[in-house]
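# Residue-level structural notes
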Amino acid sequence: MIRYLKGVVARKEEGGFLLLVGGVGFQIQAPGPFLQALQEGQEVGVHTHLLLKEEGLSLYGFPDEESLRLFELLLSVSGVGPKVALALLSTLSPRLLAQALAQGDLKLLTSASGVGRKLAERLALELKEKVPKDLLAGEKVASREAEEAVLALAALGFREGQARSVVLDLLAKNPGAKAQELIKEALKRLR
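Residues numbered from 1 in each chain as written. Predicted model: local features only at pLDDT ≥ 70, side-chain atom pairs only at ≥ 80, totals over all residues. Heavy atoms only, no water.

### Considering the sheet that holds strand β5 (residues 56-62)
Let me state the cut-off plainly: For two strands to count as paired, DSSP must find a minimum of two bridges between them. Elements are defined by DSSP. Helices are runs of H or I of four residues or more, strands are runs of E of two residues or more, and each kind is numbered from the N terminus. Only the contacting stretch of a helix is used when fitting its axis, a line to C-alpha atoms as for every element, and angles between N-to-C directions run 0 to 180 degrees. Note on contacts: a residue pair qualifies if any of its non-hydrogen atoms lie within 4.5 Å across the two residues.
Pairing within the closed barrel is mixed, and its five strands lie in the order β1-β2-β3-β5-β4. In this sheet, adjacent strand axes meet at a mean angle of 55 degrees when their direction is disregarded. The sheet contact formed by strand β3 (residues 24-29) and β5 spans two bridges and is parallel. Pairing of Ile28 across the sheet is with Leu59, part of β5. Seen against the sheet, helix α2 (residues 65-75) touches β4 (43-53) and β5 and runs at an angle of roughly 10 degrees to β4. The sheet strands contacting helix α3 (residues 82-91) are β3, β4 and β5, and the helix crosses β5 at an angle near 10 degrees.

### A word on the pattern of salt bridges
Note the following rule: By salt bridge we mean one thing: a side-chain nitrogen of Lys or Arg within 4 Å of a carboxyl oxygen of Asp or Glu. Burial classification: accessible surface area is computed with a 1.4 Å probe over protein chains only, and a residue below 20% of its type maximum counts as buried, one above 50% as exposed, and the rest as partly exposed.
Summed over all chains, the structure comprises five salt bridges. In this structure, the salt-bridge partner of Glu66 is Arg95, at a minimum N-O distance of 2.9 Å. Pair noted here: Glu66 is in helix α2 and Arg95 is in helix α4 (residues 94-103), with a separation of 29 residues, a long-range link. Judged by relative accessible area, which is 22%, Glu66 ranks as partly exposed. Classification of Arg95 by relative accessible area gives partly exposed; the value is 26%. Here Arg117 makes a salt bridge to Glu121, at a shortest N to O gap of 3.3 Å.

Below, the structure is given as structure tokens:
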């Protein structure tokens, strides 16, 4: 099984990218935020999951082991395929997704494309006790400023889960940030 690849991004495509490793090109599908951060010509390490389907082999890539573990955990639920798992990881950060699963936060889970209420309930029910505990540390919105930023971004038309994920990431890097700063930086990332 292919678990990790390191190579150069040859080109980005819709939903994925081509990674050149020692003269061999691997087509890798990836979550949106990871894909957006990649630049052609950039050397990158990718944690991967190889999936055998009727149509053939598919390779999915992630920037860190947390995302890979959650992807595999999501696939363990009946009715959840790679498309839905990628949608969840594209909308929510790994820690926020882990928290939503552990707490049964249906609002956050349904913020991902393709996840309706019934599927969100099944995910929460089946994965509540299976979420790795190390992913649950420190992902709550820590300030009123951050909550205001999330609400403002949602009012601008961004999905709440996606906005919350970006704001929490920004807040981790700058704990004392004001709502206006968070909104400004989040808009740069969300465009």
